[in-house]
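What follows is each chain in one-letter form.
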Amino acid sequence: MRGAKGRELGQDAEEMGRDRRGAKNSRVCHSHLLQYFPPDSTGKKCFPEFGVYAFFKSMVNEECSIVYAASISVAYNTILIVKTLICLGGAGFLLRQWIVYGVGFLGHANSRVLFNFYYAMFILLGLNIGVLYLIDFIRLRLTCALLDFRIVLALRGICISSILSAHLILILMSLERLYSSFYPAKFEKSSSPKIAVALALLVVGGSTTYVMLNLTAGFALFYDHKVALADPKVKENAARYIETNIALSITNGCSLLIFFLDIYLNFYRKIKQNLTLGASYQLVENRRVILVLMPIEIIDCAFTLLTTVAQILHAMYIKDATPLGRQIFLESTTFIVSYPLIMAIIIEWKVGRRKRAVLPDETSIDYFENLQKFWA
């Protein structure tokens, strides 16, 4: 490797010498570098072979070699195709579930408001990461088409902030269930959708600001430059990238712990016998909401935990990975991007099945029998 680089430097030195002796302003055309330099006096875009431009040529050639390796990698291209279909298909399916079923299966007004934001976060996640995978796959069909790092940071940042926002929204919903478990009578009287909207907006805004500041190193990285792979982690933001993954793991763990506490309080705690009708209804409502949210919460937390732990361990213990090898590992372990599709399937299973059970068909109009199946 060093020998090849030495020969290349030697050739560059010889070319620079020829330029200085014979053609001071000589320019040599390279098809894959045309986008970087203005046309010369003849109208052709050519690359000058001396000074700082020789160094830039070496740097761009290295990036182009990574792009070429990615374009011929069966594993990487397969990952891009499969994940593009999963992400965009999942976002579309989840959007359909949101339109058809809405949030009516959650009884309390605050829960409905918060779950609307939860829907939106994962639809946004699926669309953004799906578009990024599609762009990546298409540009690999071209010759040395590099990615604008600002696009990578923006799309990856929105995805990570969507996941963080979704976890915090689940924590808010779990705290609401926690409050209703201790004070069921007061809970129904203290409904305030406006406060729920304000809290959700605060969560989304705060999460987005935090993630983007970390990924861009305080927006220092948000300038016009090209990269070979859609990896948001570079030397300048490596420490903050790990910090962001740790934050995801912490919110993930907190969300799961509070949810398990809700399960204990609503299913296993001894309930007073002299509950009012309103308190009894609230207990039933808590249990119904928990049963709907249980698979959503567990799968979300499991996928996020696996993804963040894998990223942290890779950063800590694998120091000599090639850029393409790291990117394949990154894409192979980001299970959370498939969550929009899984969430849509869960909604169909938990909500759609029950709604269809109470709808009479042409051959059966036994309304009460269907209603009994609904409440079973």
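Starting from 1, residues in each chain are numbered consecutively following that chain's sequence as written. Where local features are concerned, this predicted model is filtered to residues with pLDDT of at least 70; where side-chain atom pairs are given and counted, the filter is 80 or more; whole-chain, interface and lining totals use all residues. Hydrogens and waters are ignored; side-chain quantities use all the structure's heavy atoms.

Enquirer: Would you take a moment to explain the state of the cysteines for this structure?
Expert: Defined simply, a disulfide is a covalent bond joining two cysteines at their sulfur atoms. Disulfides are defined as pairs of cysteine sulfur atoms found within 2.5 Å of each other. Throughout the structure, instances matching the rule amount to one disulfide. Between the sulfur atoms of Cys64 and its disulfide mate Cys144 the distance is 1.7 Å. Between Cys64 and Cys144 the disulfide shows an S-S torsion of about -75°. By sign, it is left-handed. Linking Cys64 in helix α2 (residues 52-72) with Cys144 in the loop between α4 (109-139) and β3 (147-148), this pair joins segments that are 80 residues apart in sequence. Think of it this way: any DSSP run of H or I at least four residues long counts as a helix, any run of E at least two long counts as a strand, and we number them from the N terminus.

Enquirer: Is there a simple way to explain the nonpolar core in this structure?
Expert: We define the nonpolar core as a collection of buried residues of types Ala, Val, Leu, Ile, Met, Phe, Trp, Tyr and Cys that are connected through side-chain atoms lying within 4.5 Å of one another. Each residue is assigned to one of three classes by its accessible area relative to the maximum for its type, calculated with a 1.4 Å probe on protein chains only: buried under 20%, partly exposed between the two thresholds, exposed over 50%. Residues Phe115, Tyr118, Phe122, Met343 and Ile347 are the most contacted members of the largest nonpolar core, which totals 72 residues. When residues of this core are assigned to their parent elements, the largest contribution, 13 residues, is made by α4. In this description, contact between two residues means that some pair of their heavy atoms is separated by no more than 4.5 Å. Ile347 has contacts with Gln97, Tyr101, Phe105, Phe115, Tyr119, Ile296 and Gly352, leaving out every residue within four places of it along the chain.

Enquirer: Would you mind showing me how to read the side chain of Gln327 here?
Expert: Relative to the helices and strands, Gln327 is located in helix α10 (residues 323-333). Apart from residues no more than four positions distant in its own chain, Gln327 is found in contact with Tyr76, Arg156, Leu229, Ala230 and Asp231.

Enquirer: Where do I start with the packing of α4 against helix α5 (residues 149-182) in this structure?
Expert: Each pair of packed helices gets described by two things: the angle between the helix axes and the distance between those axes. In contact at an axis separation of 9 Å, α4 and α5 are set at 160° when each is read in the N-to-C sense. Taken as axis vectors, α4 and α5 run roughly antiparallel relative to one another. The hand of the α4/α5 crossing is left-handed. Side-chain classes are defined by residue name, with Ala, Val, Leu, Ile, Met, Phe, Trp, Tyr, Cys and Pro counting as nonpolar, Asp, Glu, Lys and Arg as charged, and the others, Gly among them, as polar. A breakdown of the residues in the contact of α4 with α5 according to their chemical character gives 20 nonpolar, five polar and three charged. A fitted line through C-alpha atoms represents every axis, and for helices the fit uses only the stretch in contact; the resulting angles, taken between N-to-C directions, go from 0 to 180 degrees. Relative orientations are named as follows: roughly parallel for angles under 35 degrees, roughly antiparallel for angles over 145 degrees, roughly perpendicular for angles from 65 to 115 degrees, and oblique for any other angle. Left-handed describes a crossing in which the near helix is turned anticlockwise from the far one by less than a right angle; the clockwise case is right-handed.

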